[in-house]
Amino acid sequence: MDDLGYYLGLPLFGAVAIVVSTIVLYLAITTLLSHAGQRLYASPSSLDLAVVTVLGAIVGRSILGQVPTLSGGLLALATLLVVEGVAGRVRRSERMVARRRHRAVAVMVAGQVQRHELTRLGLDESGLWTELRAAGVRSPQEVAVAVVEPDGRFTVLRRGEDVHPSALTGVKHSGELLERLSTG
């Protein structure tokens, strides 16, 4: 019976350690994913998926400490939900909205591949063409703009129709893109 109490129970020091480690690891993982996340979502390779899986296992094990317990797991889960709720409010604040306004990135404009943007996102031209083919694009001349969205999905706007300025809301350098499209 003592073993059952050991695996279900949680001393005060252990509870504090779980809360602190959950918050620190939450901040670390969100920072990491904010820098690498767009690339991971855009074209996840088997290695990327393996790294994310191992990362999740390491974070989960690190949060729970030396001896994982039911109460420790519940406390970690509750802490994660609270921290995510607070982070969601911060992300929605005016200041953060202004900083995140230009998160989508054009990787092809008027049929021209923007190699520097692909490189910055950790993508290559073969990944771009995989997405363009999936959108039914047969040649670069068909593309007005191809955008990597903040969640890693690709959006393709085709040539031959006017691109309304609102369609580029949130895209990095949208004003310059509109000028290039009107002259190209």
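Throughout, residues of each chain are indexed from 1 in the direction in which the sequence is written. Only residues with pLDDT of 70 or above have their local features reported here, since the model is predicted, and side-chain atom pairs are shown and tallied only from 80 upward, although totals for entire chains, interfaces and linings are computed over all residues. Side-chain descriptors were evaluated using all non-hydrogen atoms of the structure, hydrogens and water having been removed beforehand.

Caption draft 1: Up close: the nonpolar core. By convention a nonpolar core is built from buried Ala, Val, Leu, Ile, Met, Phe, Trp, Tyr and Cys residues, the set being connected through side-chain atoms within 4.5 Å. Throughout, exposure labels follow a simple rule: accessible area from a 1.4 Å probe, protein chains only, divided by the maximum for the residue type, with under 20% read as buried, over 50% as exposed, and the rest as partly exposed. Val107, Met108, Leu128, Leu132 and Ala146 are the most contacted members of the largest nonpolar core, which totals 15 residues. Helix and strand definitions here come from DSSP, where helices need a minimum of 4 consecutive H or I residues and strands a minimum of 2 consecutive E residues; each element is numbered from the N-terminal end. When residues of this core are traced back to their parent elements, those giving at least two are strand 1 (105-109), helix 6 (115-121), helix 7 (125-134) and strand 3 (143-148). Contacts are assigned to residue pairs with any non-hydrogen atoms lying within 4.5 Å of each other. Not counting chain neighbours up to four residues away, the residues in contact with methionine 108 comprise Val113, Gln114, Leu128, Trp129, Leu132, Pro140, Val143, Ala144, Val145 and Ala146. Counting 11 residues, the second-largest nonpolar core is a separate cluster that includes Ala106, Val109, Val147 and Leu177.

Caption draft 2: Region of the structure containing helix 4 (residues 70-92). If you check helix 4, its first and last C-alpha atoms are 33 Å apart, about what 23 residues at 1.5 Å a residue would give, namely 33 Å. All of the buried residues in helix 4 are Gly72, Ala76, Thr79, Val83, Ala87 and Gly88. For a helix, the expected span equals 1.5 Å multiplied by the number of residues minus one.

Caption draft 3: Broad picture of unusual backbone geometry. Its identity as a non-glycine residue notwithstanding, alanine 110 has a phi of 50 degrees, on the positive side. Positionally, alanine 110 belongs in the loop between strand 1 and strand 2 (112-113). Judged by relative accessible area, alanine 110 falls into the buried class, the value being 16%. If you check the backbone angles, histidine 173 has positive phi at about 60 degrees while not being a glycine. With respect to the helices and strands, histidine 173 occurs in the loop between strand 4 (154-158) and helix 8 (174-183). The class for histidine 173 is partly exposed, based on a relative accessible area of 43%.

Caption draft 4: Representation of the pattern of salt bridges. Definition used for salt bridges: Asp or Glu carboxyl oxygen within 4 Å of a side-chain nitrogen of Lys or Arg. Applying the stated criterion across every chain, the model contains 5 salt bridges. Across the pair arginine 115 and glutamate 125 runs a salt bridge, and its minimum N-O distance is 3.0 Å. Taken together, the positions of arginine 115 in helix 6 and glutamate 125 in helix 7 put the pair 10 residues apart, joining distant regions of the chain. Salt bridges sharing common partners tie together Glu117, Arg120 and Lys172.

Caption draft 5: Structural detail: a nonpolar patch on the surface. Residues enter patches when their relative accessible area tops 30% and they take part in no salt bridge; the joining distance is 9 Å for like charges and 5 Å for the nonpolar side chains Val, Leu, Ile, Met, Phe, Trp and Tyr. Only the protein chains shown count as covering a residue, and every accessible area follows the Shrake-Rupley method with a 1.4 Å probe. On the surface, Leu12, Val16, Val20 and Val24 cluster together into a nonpolar patch covering about 390 Å² of accessible area. Take leucine 12: it is sitting in helix 2 (residues 12-42). A relative accessible area of 69% means that leucine 12 is categorised as exposed.

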